[in-house]
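Overview (structure and organization)
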Amino acid sequence: MSKNKKVVRYRKPFNVNIGMIIFIIIFIYLIFNIFSYMTTEHISTYEVEQGTMAENNIYRGLILRQEQVYSSDTAGALNVYVKEASRVGYGNLICSVDEGGSVSKKIDEAAGNASNLSAHDLSEIEDSISEFQTSYSAQNFYNVSTFKEDLDSALNESLSLAALDGISDYAAAAQAENTFHTYHADQPGIVVYSTDGYEGVTTDTFQSSMFDEASYDRTDGQRALQVAAGAPLYKLITSEYWSLVIPIGSDLAKRLADDDTLQLRFMKDNTTTYATYTITEKEGSTYLILTLRSGMVRYAKDRYAEVELLLSEETGLKIPNSAITEKEFYTVPKDFFMKGGDSGSLGILVQRSDSSGKAGAEFIAPTIYYETDTAYYIDGEEVGASDIIRKADSTETYQIGSGTARLQGVYNINKGYAIFKQIDILYQNEEYAIVRTGTTYGIALYDHIALDGSKIHENDLIN
C-alpha cells in the first residue's frame, strides 16, 4: 500500500558569523584610514636645535710687503744654500754663481751624496717628517706637495753647504780668480727666490689689473741651473709689517666704516688673527687694506691669499627657513589691558549688548603673541575688527583693528595642534636661520615646529 509523503524544506537557522563581521569592520576601518592618509596633507616636523652660524665672507687679496730684489752680477751656474721662506741674518751665505761651472759641478756632485749629511741635519729632517705625520689629515692632502717642496729645500740647503765646505780650498781659488761669486745677506730678512715684478708695489701704487691672477706671472729663480747677468737671484722680505689689499663692495665698506680692526682667518692654514684696516677708493673701485704685524713667514712665497673676514658669528636656536612664516595681528595699547577673570590673566573689556540691547562689557583674555613697549599683539580668534574696548574705570575707548602689524614666526606643534610663535632672527643664510633664545613669546630648545610654515594655520590639528 502506498503512502503519501509530504517533504518539508528544512530551514537552517540564521547564524551570525561574528568573525566575518569583525573582519568586515576592520577592513572598512583600514580602507577609511588609507583613504584619509592619501587625501590628507601631512605636516613634516622639525625639532629645534642649538646652532651657530657665521657670515660667509671669503675674499682673495693681494699681498704687499717690503721686499728688495738682488740680482746676479755675472752669468753662470747657480747654487743656493738657504731654504726658501727662511730667516737669515746679516752676512749669511744665500747663493753662489759660478762663471766657469767647475765649482758648481763639484758642489752638485757632492750634494748628491746623502752620506754627507751631519747627525744634526739628519735629526732635523727626521723631526720634520715625524711632525708632518702626526699632523697629517686626509682632508688637507694638498699639504703633501708643500711638505715635499720644503723637505727638498731643507735637504738641498744642508747638502750644498756641506759640499761647499768640502771643497772650500777649490772654491777659494776660484773666488781669487773672480770666477766664483758668493752672495751674502746685507740685512736680516726672509729669503724668497721667486720674483714677479710686484716687489716695489705699495698700498699707494697698486693697480686694479694686479688682481687679475690669469695674467699673473712669476719667475722661480731657485729652480734655475743657469742665470744671466742682471737676472734676479733672490729677494729679502725685510719687515714683519705687511698688507693685504682686498676688493670689496659698497655694502661691506659701509658696514666697516665705523671701525678700524677686524678678525680674519687665512684659508691656507686656518690661522686666525686680528688686523687693522683702512678703506680706500681707487679707479672706481673700493678696496679694504688690512695691515698685519706678524705671520709673514707663513705666506712669504705667496702673492695672493684667501681669507675669511670674521665679521659676526651668531649662536641661538637653529631652524630651517621653510618653517618661517608671517601672520597679521591686531596691535592694542597696553593701557587697555587689565588683570581679571578667575586666573588673573591679562585681558580687555569688550563692549557688548545683551538680548535686550542693554550695553555692557565683557572681560576677554586673548592670547598675547608679542609685545612692544606700548602695545600687545593679539589675533582675531576672540575679538574682531569691529569690536570696541574701553579702559577700566574710564570712558576712553579703542577700536580693534585700528592698528595692525605682521610678525615673523613658526608654528609650534608640541600639543598636536598649531600655535604661532614669534621669532627674532639674528642671522640667516639660504637654508637656515639663527633665532634668539629665551624670548617670552617664542620657541625653546627641542620644540617641534612645522617644517613648512606655508602649509599650516593657527589651531590646525596635526596628523
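Quick caveat: nothing in here was measured; it's all calculated off a predicted structure.

Section: unusual backbone geometry
- We note that Asn-178 has phi near 65°; this positive angle belongs to a residue other than glycine.
- The topology assignment puts Asn-178 in the loop between helix H5 (168-176) and strand S7 (180-184).
- A relative accessible area of 52% means that Asn-178 is categorised as exposed.
- Even without being a glycine, Glu-283 presents a positive backbone phi close to 50°.
- Locating Glu-283 in the fold gives a position in the loop between strand S14 (271-282) and strand S15 (285-292).

Some words on the side chain of Asp-196
- With respect to the secondary-structure elements, Asp-196 resides in the loop between strand S9 (194-195) and strand S10 (219-220).
- Engagement of the side chain of Asp-196 in a polar contact is seen with the side chain of Tyr-216, the distance being 2.6 Å.
- In terms of polar contacts, Asp-196 uses its side chain to reach the side chain of Arg-303, at 2.7 Å.
- With near-sequence residues (within four places) excluded, Asp-196 lies in contact with Tyr-216, Asp-217, Arg-218, Lys-235 and Arg-303.

Concerning the pattern of salt bridges
- What the rule picks out here adds up to 20 salt bridges.
- Lys-391 is paired through a salt bridge with Asp-335; the nearest N and O atoms lie 3.9 Å apart. Residue Lys-391 is found in the loop between strand S24 (388-390) and strand S25 (397-399), and its partner Asp-335 is found in the loop between strand S18 (325-333) and strand S19 (338-340); the two are separated by 56 residues along the sequence.
- In this structure Lys-391 comes out as buried when scored by relative accessible area, which is 17%.
- Asp-335 sits in the exposed class, given a relative accessible area of 56%.

Conventions we followed
- Residues numbered from 1 in each chain as written.
- Predicted model: local features only at pLDDT ≥ 70, side-chain atom pairs only at ≥ 80, totals over all residues.
- Heavy atoms only, no water.
- Helix = DSSP H or I, 4+ residues; strand = E, 2+ residues; numbered from the N terminus.
- Buried < 20%, exposed > 50% of the residue type's maximum accessible area, 1.4 Å probe, protein only.
- Polar contact = N/O pair within 3.5 Å; in protein donor to acceptor, adjacent residues only side chain to side chain.
- Contact = heavy atoms within 4.5 Å.
- Salt bridge = Lys/Arg side-chain N within 4 Å of Asp/Glu carboxyl O.

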